[in-house]
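Remarks on the overall topology
So the chains spell out like this:
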There are 2 protein chains.
Amino acid sequence: MSETATAFVPGHITGFFSPHPHEDPLRAGSRGAGLTLADGVETSVEPAPETSVSLNGRDTKIEPVVRVLDAFDASMRVRCETPLPIGAGFGVSGAAALGAVLAANDAVGLARSENELVGAAHAAEVESGTGLGDVVAQARGGVPIRVEPGAPGYGELDGVPAAGRIEYLALGELSTADVLAGDTSKLSEAGERALAGLRANPTLPELLARSRTFADEAGLLTDDLRDVLDAAESPASMAMLGETAFAIGDGLSEAGYDASVTRIHPGGATLNP
Amino acid sequence: MSETATAFVPGHITGFFSPHPHEDPLRAGSRGAGLTLADGVETSVEPAPETSVSLNGRDTKIEPVVRVLDAFDASMRVRCETPLPIGAGFGVSGAAALGAVLAANDAVGLARSENELVGAAHAAEVESGTGLGDVVAQARGGVPIRVEPGAPGYGELDGVPAAGRIEYLALGELSTADVLAGDTSKLSEAGERALAGLRANPTLPELLARSRTFADEAGLLTDDLRDVLDAAESPASMAMLGETAFAIGDGLSEAGYDASVTRIHPGGATLNP
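Residues numbered from 1 in each chain as written. Chains lettered and ligands numbered in written order. Predicted model: local features only at pLDDT ≥ 70, side-chain atom pairs only at ≥ 80, totals over all residues.

1. Structural notes on the overall build of chain A
A tally of helices and strands in chain A yields eight helices and 12 strands. Judged by the C-alpha coordinates and their principal axes, chain A covers about 55 × 40 × 30 Å. Taking as baseline every contact in chain A between residues at least 6 positions apart, the subset at least 24 positions apart corresponds to 74%. (Helix = DSSP H or I, 4+ residues; strand = E, 2+ residues; numbered from the N terminus. Contact = placed C-beta atoms within 7 Å.)

2. Points about the nonpolar core
Formed by 180 residues in total, the largest nonpolar core has its most connected members in Ala-100 of chain A together with Ala-100 of chain B. Sequence-distant contacts of Ala-100 of chain A, defined by excluding residues within four places in its chain, comprise Thr-43, Val-45, Val-65, Val-68, Leu-69, Met-76 and Val-78 of chain A. (Core = buried A, V, L, I, M, F, W, Y, C linked by C-beta atoms within 7 Å. Buried ≥ 20, exposed ≤ 12 C-beta atoms within 10 Å, placed from the backbone.)

3. Some thoughts on the sheet that holds strand S9 (residues 236–238) of chain A
Residues and elements named next belong to chain A. If you walk across this open sheet you meet the four strands as S9-S10-S8-S11, and the pairing is antiparallel. Where the open sheet ends on each side, the last strands, each with one partner, are S9 and strand S11 (260–263). Across the sheet, the axes of successive neighbouring strands diverge by a mean angle of 30 degrees, strand direction being ignored. Contacting S9 and strand S10 (243–248), helix H7 (residues 204–218) crosses the sheet at an angle of about 45 degrees to S9. (Pairing = 2+ DSSP bridges. Axes fitted to C-alpha atoms, helices over the stretch in contact; angles between N-to-C directions.)

4. Here's the deal with the interface of chain A and chain B
Every contact between the two is made by 29 residues of chain A and, on the other side, 29 residues of chain B. At the level of secondary structure, the elements contributing two or more residues to the side of chain A that touches chain B comprise helix H2 (92–108), helix H3 (114–128), strand S7 (156–159) and strand S12 (270–271) of chain A. In terms of residue class, the side of chain A that touches chain B is made up of 12 nonpolar, 12 polar and five charged. (Nonpolar A, V, L, I, M, F, W, Y, C, P; charged D, E, K, R; others polar.)

5. Brief notes about the relation of the copies chain A and chain B
It takes a turn of 180 degrees to lay chain A on chain B, together with a shift of 0.0 Å along the axis; the resulting RMSD is 0.0 Å. Put plainly, the chains are arranged around a two-fold axis. Identified as the residue of chain A closest to the rotation axis by C-alpha distance is Gly-267 of chain A, at 2.0 Å. (Least-squares fit on C-alpha atoms with pLDDT ≥ 70 in both.)

6. A look at the pairing of strand S1 (residues 5–20) of chain A
Residue and element names in this part refer to chain A. Counted residue by residue, S1 has 14 buried out of 16 residues, so it is predominantly covered. As paired strands, S1 and strand S2 (residues 29–47) are joined by 15 bridges and run antiparallel to one another. Looking across to S2, one finds that His-20 is bridged to Gly-29. Relative to S12, S1 runs antiparallel, the two being bridged by two bridges. Paired with Phe-8 across the bridge in S12 is Thr-270.

7. Let's talk about the packing of helix H6 (residues 185–200) of chain A against H7 of chain A
All names here are of chain A. Two elements in contact, H6 and H7, have axes separated by 9 Å at closest approach and are oriented at 165 degrees. The angle between H6 and H7 falls in the class roughly antiparallel. Note that H6 runs across H7; the crossing there is right-handed. Contacts between H6 and H7 involve Lys-186, Leu-187, Ala-190, Gly-191, Ala-194, Gly-197 and Leu-198 on the former and, on the latter, Glu-206, Leu-207, Arg-210, Thr-213, Phe-214, Glu-217 and Ala-218. Here the residues of the contact of H6 with H7 are counted per class, giving seven nonpolar, three polar and four charged. (Parallel < 35°, antiparallel > 145°, perpendicular 65-115°, else oblique. Left-handed = near helix turned anticlockwise from the far one by under 90°.)

8. Some remarks on the sheet that holds strand S8 (residues 165–172) of chain B
All names here are of chain B. As summarised here, the arrangement of the four strands in space is S9-S10-S8-S11, forming an open sheet in which the pairing is antiparallel. The open sheet terminates on both sides in strands that have one partner only, identified here as strand S9 (236–238) and strand S11 (260–263). Along the sheet, successive strands turn relative to each other by an average axial angle of 30 degrees, direction set aside. Sheet analysis places S8 next to strand S10 (residues 243–248), joined by six bridges and oriented antiparallel. Bridging across to S10, Ala-170 finds its partner in Thr-244. On top of the sheet, helix H7 (residues 204–218) reaches S9 and S10; it is set at about 45 degrees to S9, its chief contact.

9. A word on unusual backbone geometry
Of note, the amide linkage connecting Met-240 of chain A to Leu-241 of chain A takes the cis form, showing an omega dihedral of 5 degrees. Mapped onto the fold, Leu-241 of chain A is located in the loop between S9 and S10. Here Ala-111 of chain A, not a glycine, exhibits a phi torsion of approximately 60 degrees, which is positive. The residue Ala-111 of chain A is located in the loop between H2 and H3 in this model. The backbone phi angle of Asp-73 of chain B is positive, close to 50 degrees, even though this residue is not glycine. Inspection of the secondary structure assignment puts Asp-73 of chain B in the loop between helix H1 (63–71) and strand S5 (76–81).

10. Some points on H6 of chain A
All names here are of chain A. Along its 16 residues, H6 runs 23 Å from first to last C-alpha, staying within 8% of the 22 Å computed at 1.5 Å per residue. Among the residues of H6, those classed as buried are Leu-187, Ala-190, Gly-191, Ala-194, Leu-195 and Leu-198. Angular distribution of buried residues about the axis of H6 spans 140 degrees; they occupy a single face of the element. Among the exposed residues of H6, those oriented more than 90 degrees off its buried face are Ser-185, Lys-186, Ala-196 and Ala-200. (Expected span 1.5 Å × (residues − 1). Arc of directions from axis to C-beta.)

11. Brief notes about H2 of chain A
For H2 of chain A, spanning 17 residues, the distance from its first C-alpha to its last is 24 Å, which sits close to the expected 24 Å at 1.5 Å a residue. At the C-terminal side of H2 of chain A, Gly-109 of chain A shows a positive phi close to 65 degrees.

12. Digging into the confidence of the model for chain A
Overall, the predicted model of chain A reaches an average pLDDT of 95, with 99% of residues at or above 70. Across the predicted assembly, pTM comes out at 0.96 and ipTM at 0.95. (pLDDT = per-residue confidence, 0-100.)

13. A few points about the packing of H2 of chain A against H3 of chain A
Residues and elements named next belong to chain A. Interaxial distance between H2 and H3 falls to 9 Å at its minimum, and their mutual angle equals 145 degrees. By crossing handedness, the relation of H2 to H3 is classed as right-handed. Each of Ser-93, Gly-94, Ala-97, Leu-98, Val-101, Leu-102 and Asn-105 in H2 lies in contact with H3, whose residues at this interface are Leu-117, Val-118, Ala-120, Ala-121, Ala-124 and Glu-125. Broken down by class, the residue content of the contact of H2 with H3 amounts to nine nonpolar, three polar and one charged.

14. Describing the environment of Leu-208 of chain A
Residue and element names in this part refer to chain A. The residue Leu-208 is located in helix H7 in this model. Separated by 44 residues in the primary sequence, Leu-208 and Leu-252 place their C-alpha atoms 14 Å from one another. Among all residues touching Leu-208, those that are not within four sequence positions of it are Pro-235, Ala-236, Ser-237 and Ile-248.

15. Section: the environment of Asp-230 of chain B
Residue and element names in this part refer to chain B. Note on placement: Asp-230 falls in helix H8 (residues 223–231). Classification of Asp-230 by C-beta neighbours within 10 Å gives exposed; the count is 9. C-alpha of Asp-230 to C-alpha of Ala-255: the two residues are 25 residues apart in sequence and 9.8 Å apart in space.

Structure representation (structure tokens):
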């Protein structure tokens, strides 16, 4: 029981979504679409008397990580490293939970399948109120479309075939829990419209256009963020949920912003060799 | 209409399977499990008056490639490059079909989703009689378990969480069509037993052990192949369907064989940036 293991989970930006709460966390989730990113979270675990978590070297609390390890009676020292900003819409908490349970499965021989591990991480994220769709998207990789909400066996995924450079610029944080605690009916309707449009024309430009319309209709854009999106030299929108702009190609740097550069991640979450 | 595009599709070795024919090629397929490999097929396309295919620089016929492009009224010059041996159980025909349609979708703007493209490549492979489960496995990556047969929307996939080095040694070819044309009842029963065992303990050693038992029970092992598997220094089995040995880690080279070295591929089929 002293083996360590490491997993990589891509970051995930949601472009648009509709929340689908359910009392069973495996059936709860969201419909929508987004991008997984090569900038992600690398999570290492080693067995320990009780679970503790560090993020980029600092001790912290990430509730979904503790919950998902508790679900398998595993206690671990968990170390997460990421270049992504926290609380800014990149799915870091979901990535940490999924990475921790993938690594723990390997380190202590839980002998669970990928669907079981993804389902457990999804449920932990839903129960923590930190996300609704990041985990299943991060397990898949690419440009995931969440056609039906929920964990493997309940939800349904498709994807936009696409690759290439993505830029992002985080201006500030937004609380997923706060947004979801408000009236989400307008947001849901906008999300369903965006999804129908993308499914009729599953291309990256369509995803960005639908995301931008959603951001306007959902009423979540700040003035600062709107300025960035209007200035962008390529299709750009807002990460749900963070005060964060993202763009295809080099549209933010070309507009003079000091944006981070990453790529669409070709694969999903994986154990490191 | 002069744009070119390239896609990468991992190789796929099936360890055990049961065939599930159906008159609808989207519902036909196989249950089983195997490994996707970093050694795969890189497929480039460019629009052309009629479809033609080359493999490692030589003109050839790969029926599923022609079929899948015909399904979208696309005619292409298709160039496939691969280090994998042909007809030896690595899913090269399925990889070429999936790569061609992913690349064609990008090159001529078909605007289809990943599930649509994977389904079309799966159907083309089934209708050509060249495979039953490679395409859906190659679209997923990792160590796919085909829980239910068929294309996206019909089939169901899970995975064994695993990574690391794989070795393989091809001794000769086996015809998928010939094997499937024979009496497959014994093979099916052995495949279903293997799948139940793996799902109860979804680990890489279990996959190899179940595959080895399946190879014996299915009666497909040649004497030469049995000698290699018996000599291997790590868990090893036979690629379905080829006269090919594969092993975890360095079990073939340690036994003195001049084996090829690759890895479990972390992701599925992808468009190149």
